[in-house]
Every structure is written in structure tokens, then in C-alpha cells.
Amino acid sequence: MENRLAHLPRYLVFLPLILFLILLYGGILQRFVPALSVGETKYTSAQFNYWYYENYLDYVDAHYDELDALGLDTSRPLDKQTRENGQTWEDYFRIRAEEMLRQTEVLLSLADEYDVSLNAEDLPEYDQRLADADAECAESGVKLDDYVRSYYGYSVTAANYKKQLLREAGVDAVRAAVTESLQPTQAESEAYAAEHPEL
């Protein structure tokens with residue numbers, strides 16, 4: 001009996017391995033395979049990476065002058081550095097990203113109740129952040145995909161970045177509406193002041 005594989009070109013034997021490596025290192029699996037669930041919503045690695053690195057970048061920007069005192073060296077891997085409580089910086093940012101995703105789900109679920117539109121054309125913050133990213137790309141001479149990958153990892157594409165940016169702008173709009181609804185009205189403030197003249 002003749003071996004059928006002997007007639008196949010040699011490169012076809014390695015094709016499954018090559019395809020697997022492309023899927024793994026090309027970020028394709030990370031864009032589609034769920035990595036985390038928050039409530040009913042499943043997040044891919046790419047979506048999680050956006051929030052992880054967004055949290056990391058915000059933290060570094062906010063604490064830039066005190067990073068040494070906090071024990072965070074941006075040139076070293078985060079899983080090799082510990083905070084004062086013994087937790088690694090990688091774990092800290094992972095936990096914060098998961099918390100942010102939970103907050104995102106809760107706040108986006110309140111959009112209808114607080115009459116907040118989640119459409120891009122109704123969220124000027126989305127347009128502004130996208131315009132800022134486009135301006136940085138133009139200034140640096142890079143494509144948006146390359147810009148996004150340099151900040152959020154190779155699995156985050158420009159399309160995924162835009163979706164997450166839209167969600168983030170929606171969250172900010174809902175948060176502002178909820179905060180505003182908790183503020184007392186002018187009449188309530190005056191009534192309280194009349195009831196409590198000692199203040």
C-alpha cells in the first residue's frame with residue numbers, strides 16, 4: 001500500500017503548525033476568544049488588554065513624578081515588581097482592569113434610565129479622543145493600528161480601540177448623568193439652608 005503523504009509537498013506537512021502560530025502570535029485568537037466574563041458580557045483578551053493598558057497608562061501619567069517611591073519601574077516587566085503589600089504590579093493592574101470592566105457594565109446598563117445616548121455622534125469625548133490619536137499618528141508618521149498596538153499590545157487593533165473608546169466615552173457620559181442627578185436642585189439647597197441656618 002502506497003503512503004499518500006509521500007506525494008504531498010513537504011510544506012503542507014507544516015501548514016497546520018504555521019497556521020496555529022499565525023493565529024497565536026498574530027493576535028487573531030485574542031480578538032475573538034473570550035478571556036473574561038463580567039455578568040452576561042464576555043470580553044476577549046484584546047478588549048481586556050485595552051482596559052488593562054488604559055489603566056496602566058493613566059496610572060503612570062498620574063504618578064509619573066513618584067513612580068520610584070511607589071516601586072514601579074516602567075522599564076521592567078510588571079510581573080517581576082512588587083508593591084509594598086507584596087502584590088505584583090501586573091496583578092494590581094489586572095484587578096483594576098477587571099474592576100473597571102464591572103463598573104463599565106453597571107454604568108452602561110444605566111444609560112437608558114438616565115437618558116444617555118451611546119451613539120458615537122452623541123458623545124463628543126469619543127470624537128475628541130479619536131482626533132487626538134489621529135493627530136499623534138500624523139505627527140509620528142504611523143498608522144492608527146501601529147499606534148494602538150504600541151500602547152495596548154499586539155492583540156488590540158484600531159477597530160477594537162475605537163469600540164472600547166466608544167464604550168469608555170459612554171461610561172463617562174453615564175457617570176456624569178448619574179453624578180448630576182445626585183446633586184441637589186437649587187430649591188432643595190435653599191430649603192435645606194432655611195432649615196439649618198447655623199450652616
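The structure this text deals with has already been given above.
Note on numbering: residues in each chain are counted from 1, in written sequence order. Local features in a predicted model are, by the rule used here, given only for residues with pLDDT of at least 70; side-chain atom pairs are given and counted only at 80 or more, and totals for whole chains, interfaces and linings are based on all residues. Side-chain measures were taken over the full set of non-hydrogen atoms in the model, leaving aside hydrogen atoms and water.

J.: How should the packing of aromatic side chains be read in this particular structure?
T.: Aromatic ring pairs are described here by two measures, namely the spacing of the ring centres and the angle between the planes. Only centres within 6.5 Å qualify two rings of Phe, Tyr or Trp (six-membered ring in Trp) as a pair; their planes then separate them into stacked at under 30 degrees, edge-to-face at over 60, and tilted for everything else. With the rule as written, the count across this model stands at 16 aromatic pairs. Here the aromatic rings of Y50 and Y161 are separated by 6.1 Å at their centres, their planes lie at 65°, and the arrangement is edge-to-face. Here the residue Y50 occupies a position in helix α3 (residues 45-62), and Y161 occupies one in helix α8 (residues 158-182), the gap between them amounting to 111 residues. Judged by its relative accessible area of 0%, Y50 falls in the buried class. A ring pair is formed by Y152 and Y161, whose centres lie 5.7 Å apart and whose planes are at 40°; its orientation type is tilted. Categorising residues by exposure relies on relative accessible area from a 1.4 Å probe, with only protein chains included: less than 20% of the type maximum marks a residue as buried, more than 50% marks it as exposed, and the intermediate range marks it as partly exposed. For Y152, a relative accessible area of 4% puts it in the buried group. With a relative accessible area of 3%, Y161 lands in the buried category. An aromatic cluster of at least three residues, connected via ring pairs, comprises F48, Y52, Y53, Y56, Y59, W89, Y92 and F93. One cation-aromatic arrangement involves R83 over W89; the distance from NZ or CZ to the ring centre is 5.1 Å. Put simply, DSSP H or I for four residues or longer makes a helix, DSSP E for two residues or longer makes a strand, and each gets a number counted from the N terminus. We count a charge as sitting over a ring when the NZ of a lysine or the CZ of an arginine lies within 6 Å of the ring centre and within 35 degrees of the ring normal.

J.: How should the environment of T88 be read in this particular structure?
T.: Mapped onto the secondary structure, T88 falls in the loop between α4 (67-70) and α5 (89-109). Judged by its relative accessible area of 16%, T88 is buried. C-alpha separation for the pair T88 and L78, spaced 10 residues apart in sequence, amounts to 6.8 Å. Two residues qualify as a contact provided that any one of their heavy atoms is within 4.5 Å of a heavy atom in the partner residue. With residues near it in sequence (within four places) discarded, T88 still touches L78, D79, Q81, T82 and R83.

J.: Explain the pattern of salt bridges here, please?
T.: Proximity of charged atoms lets side chains of opposite charge pair with each other. Any Lys or Arg side-chain nitrogen located within 4 Å of an Asp or Glu carboxyl oxygen qualifies as a salt bridge. Summed over all chains, the structure comprises eight salt bridges. In this structure, the salt-bridge partner of R94 is D91, at a minimum N-O distance of 3.5 Å. Taken together, the positions of R94 and D91, both in helix α5 and three residues apart, correspond to about one turn of that helix. On the basis of relative accessibility, which here comes to 29%, the residue D91 falls in the partly exposed class. Between R175 and D172 there is a salt bridge whose closest N-O contact spans 3.2 Å. With R175 and D172 both in helix α8, this residue pair falls three residues apart, about one helical turn. For D172, a relative accessible area of 25% translates into the label partly exposed. One connected set of salt bridges, linked through shared partners, spans E54, R129 and E168.

J.: Is there a simple way to explain the nonpolar core in this structure?
T.: Inside soluble globular proteins, nonpolar side chains tend to come together where they are buried. Here the nonpolar core consists of buried residues drawn from Ala, Val, Leu, Ile, Met, Phe, Trp, Tyr and Cys, with membership extended through side-chain atoms lying within 4.5 Å. In terms of nonpolar packing, the biggest core is built from 34 residues, with L72, F93 and Y161 touching the most fellow members. For this core, the secondary structure elements donating two or more residues are β1 (34-38), α3, α5, α6 (124-140), α7 (144-152) and α8. Ranked by residue count, the leading element in this core is α3, at eight residues. The residues contacting L72, other than those within four sequence positions of it, are Y59, V60, L67, L78, Q81, W89 and F93.

J.: Explanation requested: the environment of N119 in the structure shown.
T.: One can find N119 in the loop between α5 and α6. Overall, the relative accessible area of 40% leaves N119 in the partly exposed class. On a C-alpha basis, the gap between N119 and G170 in space is 8.2 Å, while along the polypeptide they are 51 residues apart.

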